[in-house]
Amino acid sequence: DTGVSQDPRHKITKRGQNVTFRCDPISEHNRLYWYRQTLGQGPEFLTYFQNEAQLEKSRLLSDRFSAERPKGSFSTLEIQRTEQGDSAMYLCASTPPGGGMDEQYFGPGTRLTVT
Amino acid sequence: GQNIDQPTEMTATEGAIVQINCTYQTSGFNGLFWYQQHAGEAPTFLSYNVLDGLEEKGRFSSFLSRSKGYSYLLLKELQMKDSASYLCAVRDRAGNMLTFGGGTRLMVKP
């Protein structure tokens, strides 16, 4: 298994455009998370899926943001009408079924620059 | 909600020991994690504490005191490659999300 993958790794877009990012978790990991990280800060939680169900959303996730995980495998995060403040690294993480000490495995992230 | 504090930057010498502190105030607690993050890369898991005490893992150890809302990460025999940001994160009671501190940027000098 090659770990969590994200695509694209970098995205430059103009303000007002829509962008979509993809995350492929580690196979058989049923829990998937999205985080946003700005320079010099820790990651901030955005949303969480267990299988295909979106169980938690942060207040950071405005109505311009939508995330899906239609078949309980890969996930997409879409940002509509991008703003310069959306420029950040978008990280995806996954964990296996169960609980306990299972750490979240992070992908390499998608760096978004809104010009 | 969760509030997590850690120093912004630290500097240490190769071969030395460094302790990175983390304090937290939470409305729910289900474990504390330390992650390492090199510039431009994803965070990678270092350690996990859910009960009070010290967890040791090679050159890295992590300590937790739940009553004090306090943890530290101890790095021994520092190497240049340990220069990175170290993130403290608390998991919520439901176990569904991590709240991260701002990270401590560690610079290891020769």
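Here, every reference points to the structure presented above.
Residues numbered from 1 in each chain as written. Chains lettered and ligands numbered in written order. Predicted model: local features only at pLDDT ≥ 70, side-chain atom pairs only at ≥ 80, totals over all residues. Heavy atoms only, no water.

Description of the state of the cysteines
Here's step 1: Throughout the structure, instances matching the rule amount to two disulfides over all chains.
Here's step 2: At a sulfur-sulfur separation of 1.9 Å, the disulfide partner of Cys23 of chain A is Cys92 of chain A. Across the S-S bond of Cys23 of chain A and Cys92 of chain A the torsion is about -65°, and the bridge reads as left-handed. Of this pair, Cys23 of chain A sits in strand S3 (residues 19–24) while Cys92 of chain A sits in strand S9 (residues 88–95), and the two are 69 residues apart along the sequence. Of the two residues examined, Cys23 of chain A and Cys92 of chain A, each falls in the buried class.
Here's step 3: Through a disulfide, Cys22 of chain B is tied to Cys88 of chain B; the S-S separation comes to 2.0 Å. Its torsion about the S-S bond being -65°, the disulfide of Cys22 of chain B and Cys88 of chain B is classed as left-handed. Separated by 66 residues along the polypeptide, Cys22 of chain B in strand S3 (residues 18–26) and Cys88 of chain B in strand S9 (residues 84–91) bring together distant segments of the chain.
Here's step 4: Overall, Cys88 of chain B belongs to the buried group, its relative accessible area being 0%. (Disulfide = S-S within 2.5 Å. Helix = DSSP H or I, 4+ residues; strand = E, 2+ residues; numbered from the N terminus. Buried < 20%, exposed > 50% of the residue type's maximum accessible area, 1.4 Å probe, protein only.)

Thoughts on the pairing of strand S11 (residues 110–114) of chain A
Residues and elements named next belong to chain A.
Here's step 1: Side chains Thr110, Leu112 and Val114 of S11 all project onto a buried face; the interleaved residues Arg111 and Thr113 project onto a face where none is buried.
Here's step 2: For strand S2 (residues 10–13) and S11, the ladder comprises four bridges, and the chain directions are parallel. Paired with His10 across the strands is Arg111, a residue of S11.
Here's step 3: Pairing geometry for S9 and S11, over three bridges, is antiparallel. Opposite Tyr90, over in S11, you have Thr110 as the bridge partner. (Pairing = 2+ DSSP bridges.)

Looking at unusual backbone geometry
Residue and element names in this part refer to chain A.
Here's step 1: The step from Asp7 to Pro8 runs through a cis peptide bond, and the omega angle for that step is -5°.
Here's step 2: Relative to the helices and strands, Pro8 is located in the loop between strand S1 (5–7) and S2.
Here's step 3: With a phi angle near 50°, Arg81 is a residue other than glycine that sits in the positive phi range.
Here's step 4: Residue position: Arg81 is located in the loop between strand S8 (75–79) and S9.

Here we look at the sheet that holds strand S7 (residues 60–65) of chain B
All names here are of chain B.
Here's step 1: The strand order across the open sheet formed by five strands is S1-S3-S8-S7-S6, and the pairing between neighbours is antiparallel. Edge strands, defined here as strands with exactly one partner in the open sheet, are strand S1 (2–5) and strand S6 (53–57). Sheet twist, expressed as the average angle between the axes of neighbouring strands with direction ignored, equals 15°.
Here's step 2: Of the strand pairs in this sheet, S6 and S7 are connected by five bridges, and their pairing is antiparallel. (Axes fitted to C-alpha atoms, helices over the stretch in contact; angles between N-to-C directions.)

What to know about the interface of chain A and chain B
Here's step 1: Counting from both sides, the interface comprises 20 residues of chain A and, opposite them, 17 residues of chain B.
Here's step 2: For the pair chain A and chain B, the summed buried area comes to about 1500 Å², and 55% of that belongs to carbon and sulfur atoms.
Here's step 3: Linking chain A to chain B there are zero salt bridges.
Here's step 4: At the junction of chain A and chain B, the tally comes to four residue pairs in polar contact (both at pLDDT 80 or more). (Contact = heavy atoms within 4.5 Å. Buried area = accessible area lost by both parts, 1.4 Å probe. Salt bridge = Lys/Arg side-chain N within 4 Å of Asp/Glu carboxyl O. Polar contact = N/O pair within 3.5 Å; in protein donor to acceptor, adjacent residues only side chain to side chain.)

Honestly, it's all geometry; don't read function into it.
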